[in-house]
Amino acid sequence: MTTVTPIPVLTVESVPGYLAARDDLAALIDLGSITVREIGDGNLNLVFVVQDAAGRGLVLKQSLPYVRMVGESWPLSQDRILAEARGYDAAVAHSPDTIPTYHGLDHARRIIALEDLSGWTVWRRALNDGLVAPGAAAAVGRHVARVGFGTSAFALSSDAVKLATAGAINVDLCKITEDLVFTQPYTDHPDNAWVPELDRDVLALREGGLVDEIADLKHRFVTHAEALVHGDLHTGSIFVPTSAGTSVPAKVFDLEFGFYGPIAFDLGALFGNVLLAQSRAVVLEHSEEFQSWLAGLVREAWEAFEQEFRALWPTRVDPSYTDAFLDRWLWQTFTDAIGFGGAKAIRRIVGLAKASDIESLEPAEHVAAARLVLTTARAWIEHRAELDTPDDLARLTADFLGRA
Ligand code: SR1
Ligand code: MG
């Protein structure tokens, strides 16, 4: 019989001792004057912020042996932190300015250490507060292009890509996405939840062929292993600065869902979460300036992504990938991103794991915003192949959100 030694879980009390035993991390901070806070507000992990009296800080993230939002009844391997470390290694290599400084992995304890970004805020919170984050979407688009290109068969030999694909298998977390994004919202599943006013809207998702489109997207998610993707690039996985003058407008974090998958899935996650923010802004009647800025975010992200990808293209290792192929690949990636974006938006209304953009609204606004999300997201999925440009998508979205 194999016995597995449990990995000790960090606590606010045990963090100082842990750091004292880590010379590399202890050198970054004055251990004599630190305060420690556990700030994890995601669905899965422990996150500690450690700060000293001089204002220096760092973050420790440890995977728990279960899903935090549900509890010990849903066990989940702590190895997910290894996927996160793999993602940081790739981002350090290809786009180091769009992630927090990465201080490495403690494999035995399943802990990673990162720069403390206390002067930044999670983008979803800023969006909920109606705050503009100039250039954030472009920074994320560039990040996806750099890591996507750098880990794909455009930058690596096909042998290297096969090995990297095998080395980045992330079965448990991919299964969560398959279930929560592509399966459960379209079935009677006990983890689904919505307010009764939305019954007809949600049940309508199962009619009229949408499930066939979702099947197509799910199959693409499961089989299209083209690059090391983030895997969960919603606005809760992006930091934006809280004050002007920061040289980088966004930093991507929370990479544990990473695997070799479709690059479009990361772009789609951003698109779908922009739709959540737009729907919230409509029902709260946020300023025209804020709503116009939101309406331009998909274009901002896509154009930065495309520009960066085209800039990297001449460095590709295999010239049999022609320029005409690139045009076709970009079109397909945009189409897929719209579809994934629709699916990612719908799951936040119907399935387990909601988003505060919609959840924090008062009941009447909640229902109105959720309806906007469901109808618009459905249109994205059903019409994705007819939408050639971000402006086409913006026009469709404006029609469904009732904006001129
Ligand atoms: C059980 S994990 C629920 C969700 O949290 C993460 O942020 C992913 O989006 C996942 O689907
Ligand atoms: Mg996350």
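Residues numbered from 1 in each chain as written. Chains lettered and ligands numbered in written order. Predicted model: local features only at pLDDT ≥ 70, side-chain atom pairs only at ≥ 80, totals over all residues. Heavy atoms only, no water.

S.K.: What am I meant to see in the overall build of the chain here?
M.R.: Assigned secondary structure in the chain consists of 16 helices and twelve strands. What you see for the chain is a C-alpha radius of gyration of 21 Å, in line with the 22 Å of a compact globule of 404 residues. With the principal axes as the frame, the chain shows a C-alpha extent of 60 × 55 × 55 Å. Buried residues in the chain amount to 54% of all 404 residues. Of the contacts formed within the chain by residues at least 6 apart in sequence, a portion of 74% connects residues at least 24 apart. For the chain, the computed accessible surface area is about 16,900 Å², with 55% contributed by carbon and sulfur atoms. Distance from the positive charge centre (34 side chains) to the negative charge centre (55 side chains) of the chain: 2 Å. (Helix = DSSP H or I, 4+ residues; strand = E, 2+ residues; numbered from the N terminus. Rg over C-alpha atoms; globule rule 2.2 N^0.38 Å. Buried < 20%, exposed > 50% of the residue type's maximum accessible area, 1.4 Å probe, protein only. Contact = heavy atoms within 4.5 Å. Areas by Shrake-Rupley, 256 points an atom, 1.4 Å probe, with all protein chains shown as cover. Lys, Arg positive; Asp, Glu negative; His and termini not counted. Charge placed at Lys NZ, Arg CZ, Asp CG, Glu CD.)

S.K.: Help me understand unusual backbone geometry, please; the structure alone is not making it clear to me.
M.R.: In terms of backbone geometry, most residues other than glycine have negative phi values and most peptide bonds are trans. Phi angles above zero are rare outside glycine, and Glu285 is one such case at about 50 degrees. With respect to the helices and strands, the residue Glu285 is situated in the loop between helix 10 (263-283) and helix 11 (288-295). With a relative accessible area of 70%, Glu285 lands in the exposed category. Unlike most non-glycine residues, Ala353 shows phi in positive territory, near 75 degrees.

S.K.: Explanation requested: the site of ligand 1 in the structure shown.
M.R.: The immediate surroundings of ligand 1 are formed by Asn43, Leu44, Val67, Trp74, Ile176, Leu180, Asp232, His234, Phe257, Arg347, Arg348 and Ala353. For ligand 1, an oxygen atom lies 2.8 Å from a polar atom in the side chain of Asp232. When contributions to the shell around ligand 1 are tallied by element, the ones reaching two or more residues are helix 7 (171-183) and helix 13 (323-350). When its residues are assigned to classes, the shell around ligand 1 shows seven nonpolar, two polar and three charged. (Near = heavy atom within 4 Å. Polar contact = N/O pair within 3.5 Å; in protein donor to acceptor, adjacent residues only side chain to side chain. Nonpolar A, V, L, I, M, F, W, Y, C, P; charged D, E, K, R; others polar.)

S.K.: Mind showing me how you'd approach the pattern of salt bridges here?
M.R.: Scanning the entire structure with this criterion turns up 24 salt bridges. Among the salt bridges present, the one from Arg146 reaches Glu308, with a minimum N-O distance of 3.1 Å. Taken together, the positions of Arg146 in helix 5 (residues 136-150) and Glu308 in helix 12 (residues 297-312) put the pair 162 residues apart, joining distant regions of the chain. As far as the burial class goes, Arg146 and Glu308 line up, both buried. Asp232 is the salt-bridge partner of Lys344, the closest N and O atoms lying 3.6 Å from each other. Of this pair, Lys344 sits in helix 13 while Asp232 sits in the loop between strand 9 (227-229) and strand 10 (238-241), placing them 112 residues apart in sequence. Neither residue differs from the other here; Lys344 and Asp232 are each classed as buried. Salt bridges linked by common partners bring Lys61, Arg80, Glu84, Asp254 and Glu256 together as one network. (Salt bridge = Lys/Arg side-chain N within 4 Å of Asp/Glu carboxyl O.)

S.K.: What should I look at first to understand the sheet that holds strand 11 (residues 251-252) in this one?
M.R.: The strands that make up a sheet are held in pairs by hydrogen bonds between backbone atoms, and each pair lies either parallel or antiparallel. Sheet architecture is open: three strands sit in the order 8-10-11, paired in antiparallel fashion. The sheet is open, and its two borders are formed by strand 8 (120-122) and strand 11, each paired with just one other strand. When strand 8 meets strand 10, the two strands line up antiparallel, connected through three bridges. Counted as the bridge partner of Trp120 is Pro241 from strand 10. (Pairing = 2+ DSSP bridges.)

S.K.: Honestly, the pairing of strand 6 (residues 102-106) in this entry has me stumped. Any pointers?
M.R.: Two faces belong to every sheet, and in a regular strand the side chains alternate between them. As paired strands, strand 6 and strand 7 (residues 111-115) are joined by three bridges and run antiparallel to one another. Residue Leu105 lies in a different strand from strand 7, and its bridge partner there is Ile112. Connecting the antiparallel pair strand 6 and strand 7 is a turn made up of four residues, with Arg110 showing a positive phi of about 55 degrees.

S.K.: Sorry, what's going on with helix 13 here?
M.R.: Along an α-helix, residues three or four apart share an orientation, since each turn contains 3.6 residues. Compared with an ideal rise of 1.5 Å per residue, which puts 28 residues at 40 Å, helix 13 spans 41 Å between its outermost C-alpha atoms and is within 8% of the ideal. In terms of residue burial, helix 13 counts as a mostly covered element, since 21 of its 28 residues are buried. (Expected span 1.5 Å × (residues − 1).)

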